[in-house]
Amino acid sequence: MHTSKRNLLILISILWACTADAQDTLRIDIRQADSLFLKNNFNLIAASFNIEAQKALVIQAKAYPNPNFTADFNAYDPENNKVFHVGSTGQKVFQLEQLIMLGGKRKSEIELAKTNVKIAELEFQQLLRQLKFRLHTDLYTVGQQVFLLKKYNYQLNQLNDLLTAYETQVARGNVPLKDVVRLKGAYLRLNNDRAELLKSYFSTQTNLQTLLQTSSVIEFRFSEEDVEKYIQLKTLADIEAEALQNRPELLIMQQNKIMAQQNLQYQKNLAIPDINLVSGYDQRGGAFANQVNLGFTVPLPIWNRNQGNIKSAQFKIKEADNNLQAIQAEVKSSIQNAFALYTQTVSEYKNAKILYNEDFEIIVKGMTDNFQKRNVSILEFIDFFEAYNDVLTELTRIKTELIISAEQINLLTGKDIF
């Protein structure tokens, strides 16, 4: 690799490091992110409008049927040769009809509408939990990515300085060319790792900007204490109990069963005929002049007693009950596996924290200084250098997995356990 090309890569690294300062940067912690998310996310806003739409349907279900008014006027009187003969000696008819709903149909419609409101609210909570899971995991992921990218940039600068010095020594015949080749190989491998990480970083930034509805670069502020807040003593039984009580998907299934039961009652109510009251005035067309009539119409449930819909509603209850049992089993299984993964990641984090501490960075600096003083061979230095990067990568993975596994339990439970 030529020095000019290598310097170009270093320049690109420096430009990336300065991007956050050059562009509009949004520096937020976890609470600020949650607040901005609740305020700006279009998906949540849309779901909240759906709740209001369902509440409006409750108002509609409470409304009584409108009366029907009919007016009939004489168009042509052939006996008197008059058009629109509607005066005192003419003919006109008025009729008023009002549907009287019987059998509790209106009450059933109101209860069904109220259940739809509850389902819409639970669907909002479900969406909120899912998006919040993505937000929190992406925030901590981007935080770990930035940590690792800064380490990579620093190391690339160090390698560049070493390569420049070694190329000078090669030209003077003091260092074999193979040492420079080994250093270049280490540089290229690290730069390739950084390029792959940078792709993931920009992808995570895109997700965060979409969730928060911003075009700013997200700079997530967090500490090691924020990470360790995800380590709590929780029992599997307690988490399962919370999930069975709070999981939106489970609560939606419970409401679906209630709705199926309400629908069965509604279908039975529909089998009860309604009465249509009719009152009318007939000026000259009836048996008497200025005749006033009062009557009613009612369908006779002879052939259609809504028996098909009633039977269908009975099967829908069985379907809803089985769906409810299925989601209950799924909740227990998912919680068990998520808790097992969480326990494993907590153990990995505790072990990693013991292995990686401030002494580790001191050793790294000492290794670099000794290599520059020729007290360490190039093979030992590169082996240590690559092992160090493996440790950094593993450390960020463990921290990210800890947060994701804990947030997964929050998602599956339907409550902020951690």
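Please refer to the structure higher up on the page.
Residues numbered from 1 in each chain as written. Predicted model: local features only at pLDDT ≥ 70, side-chain atom pairs only at ≥ 80, totals over all residues. Heavy atoms only, no water.

Engineer: Hey, could you run me through the environment of Ala 53 in this one?
Structural biologist: Structurally, Ala 53 can be placed in helix H3 (residues 42–62). Given a relative accessible area of 40%, Ala 53 falls into the partly exposed group. Sequence-wise, Ala 53 and Gly 366 are 313 residues apart; in three dimensions their C-alpha atoms are separated by 66 Å. (Helix = DSSP H or I, 4+ residues; strand = E, 2+ residues; numbered from the N terminus. Buried < 20%, exposed > 50% of the residue type's maximum accessible area, 1.4 Å probe, protein only.)

Engineer: Sorry if this is basic, but what is going on with the packing of aromatic side chains here?
Structural biologist: What characterises a pair of aromatic rings is the spacing of the ring centres plus the angle enclosed by the ring planes. Scanning the entire structure with this criterion turns up 13 aromatic pairs. Through pairs of rings, three or more aromatic residues link up here, namely Phe 69, Phe 73, Phe 94 and Tyr 281. The lysine or arginine in question, Arg 106, covers the ring of Tyr 64, its NZ or CZ lying 4.2 Å from the ring centre. (Phe/Tyr/Trp six-rings, centres within 6.5 Å; stacked < 30°, edge-to-face > 60°. Lys NZ or Arg CZ within 6 Å of the ring centre and 35° of its normal.)

Engineer: Just to check I follow, could you spell out the nonpolar core for this structure?
Structural biologist: Nonpolar side chains in soluble globular proteins tend to be buried together. Counting residues in hydrophobic clusters, the biggest one holds 74 residues, and the most contacted among them are Leu 135, Leu 139, Leu 159, Leu 183, Phe 381 and Ile 409. Among the elements that make up this core, the one with the highest residue count is helix H4 (residues 105–172) (16 residues). Excluding its chain neighbours within four sequence positions, the residues that come into contact with Leu 159 are Leu 183, Ala 186, Tyr 187, Leu 190, Phe 381 and Phe 385. Residues Leu 122, Ile 252, Met 259 and Tyr 266 belong to the second largest nonpolar core, which totals seven residues. (Core = buried A, V, L, I, M, F, W, Y, C linked by side-chain atoms within 4.5 Å. Contact = heavy atoms within 4.5 Å.)

Engineer: For this particular structure, what's the right way to read the sheet that holds strand E7 (residues 275–282)?
Structural biologist: Across a sheet, paired strands are connected by hydrogen bonds in the backbone, their directions being either parallel or antiparallel. Taken in spatial order, the four strands of this open sheet run E2-E5-E7-E8, and their pairing is antiparallel. Either end of the sheet is taken by a strand with one partner, and the two such strands are strand E2 (68–73) and strand E8 (291–297). With strand direction ignored, the average angle separating the axes of adjacent strands in the sheet is 15 degrees. Pairing of strand E5 (residues 92–100) with E7, which is carried by eight bridges, proceeds in the antiparallel orientation. Bridging across to E7, Val 93 finds its partner in Asp 282. (Pairing = 2+ DSSP bridges. Axes fitted to C-alpha atoms, helices over the stretch in contact; angles between N-to-C directions.)

Engineer: Explanation requested: empty space enclosed by the protein in the structure shown.
Structural biologist: Any empty space left between atoms is shown by rolling a water-sized probe over those atoms. Inspection of the entire model under this criterion finds one cavity of 30 Å³ or more. Estimates place the volume of the largest cavity at around 40 Å³. Around the largest cavity sit Arg 129, Lys 132, Phe 133, His 136, Glu 407, Asn 410, Leu 411 and Asp 416, which together line it. Elements represented by at least two residues in the lining of the largest cavity include exactly H4 and helix H11 (378–413). (1 Å grid on protein atoms, 1.4 Å probe; cavity = no way out; pocket = protein on both sides within 12 Å on 5 of 7 lines; lining within 4 Å. Points joined across faces, edges and corners; volume = space filled by probe spheres on them.)

Engineer: For this particular structure, what's the right way to read unusual backbone geometry?
Structural biologist: Comment: phi is negative for the bulk of residues other than glycine, and the bulk of peptide bonds are trans. The phi angle at Gln 213 is positive, at roughly 55 degrees, despite the residue not being glycine. When you line up the elements, Gln 213 lands in the loop between helix H5 (177–212) and strand E6 (217–220). For Asn 306, which is not a glycine, the phi torsion comes out positive at approximately 60 degrees. Here Asn 306 is to be found in the loop between E8 and helix H9 (307–355). Assessed through its relative accessible area of 12%, Asn 306 is described here as buried.

Engineer: Explain a nonpolar patch on the surface to me, please; I cannot follow it from the model alone.
Structural biologist: On the surface, Ile 100, Leu 102, Ile 272, Leu 277, Phe 296, Val 298, Leu 300, Ile 302 and Trp 303 cluster together into a nonpolar patch covering about 910 Å² of accessible area. Turning to its location among the elements, Leu 277 is positioned in strand E7. (Patch = residues over 30% accessible without salt bridge, like charges linked within 9 Å, V, L, I, M, F, W, Y side chains within 5 Å. Areas by Shrake-Rupley, 256 points an atom, 1.4 Å probe, with all protein chains shown as cover. Salt bridge = Lys/Arg side-chain N within 4 Å of Asp/Glu carboxyl O.)

Engineer: Can you help me understand the packing of helix H2 (residues 30–40) against H4 in this one?
Structural biologist: The geometry of a pair of packed helices is captured by two quantities: the angle between their axes and the separation between those axes. The contact between H2 and H4 brings their axes to 11 Å, and the two run at 140 degrees. If you check the angle between H2 and H4, you find them oblique. Of the two possible hands of crossing, H2 and H4 adopt the one that is right-handed. Between H2, through Ile 30, Ala 33, Asp 34, Phe 37 and Leu 38, and H4, the contact on the second element is made entirely by Leu 128, Leu 131, Lys 132, Leu 135, His 136, Leu 139 and Tyr 140. By residue class, the composition of the contact of H2 with H4 is nine nonpolar, one polar and two charged. (Parallel < 35°, antiparallel > 145°, perpendicular 65-115°, else oblique. Left-handed = near helix turned anticlockwise from the far one by under 90°. Nonpolar A, V, L, I, M, F, W, Y, C, P; charged D, E, K, R; others polar.)

Engineer: How should the pattern of salt bridges be read in this particular structure?
Structural biologist: Any two side chains of opposite charge can pair, so long as their charged atoms come close to each other. Scanning the entire structure with this criterion turns up 19 salt bridges. Between Arg 182 and Asp 179 there is a salt bridge, and its shortest N-O distance comes to 3.3 Å. Of this pair, Arg 182 and Asp 179 both sit in helix H5, separated by three residues, roughly a single helical turn. What makes Arg 182 partly exposed here is its relative accessible area of 29%.

Engineer: What is the right way to look at the environment of Ala 47 in this model?
Structural biologist: Within the secondary structure layout, Ala 47 lies in helix H3. Given a relative accessible area of 15%, Ala 47 falls into the buried group. Sequence separation between Ala 47 and Lys 234 is 187 residues; the distance between their C-alpha atoms is 32 Å. Residue contacts for Ala 47: discarding those within four places in its chain leaves Phe 124 and Leu 127.

Engineer: Quick question: what am I supposed to make of the layout of surface pockets here?
Structural biologist: Within this model, the second largest pocket holds a volume of roughly 310 Å³. Lining the second largest pocket are 14 residues, and of these Ile 30, His 136, Lys 229, Tyr 230 and Phe 418 sit closest to its centre. Elements that contribute at least two residues to the lining of the second largest pocket include exactly H2, H4 and H11. Per-class residue counts for the lining of the second largest pocket are four nonpolar, three polar and seven charged.

Engineer: Got a minute to help me understand the packing of H2 against H3 in this structure?
Structural biologist: Closest axis-to-axis distance for the H2/H3 pair is 6 Å, and the angle between their directions is 50 degrees. Classified by the angle between their axes, H2 and H3 sit oblique to one another. Every residue of H3 that contacts H2 at Phe 37, Leu 38, Lys 39 and Asn 40 is listed here: Phe 42, Leu 44 and Ile 45. Among the residues forming the contact of H2 with H3, the class breakdown is five nonpolar, one polar and one charged.

Just geometry here; none of it tells us what the structure is for.
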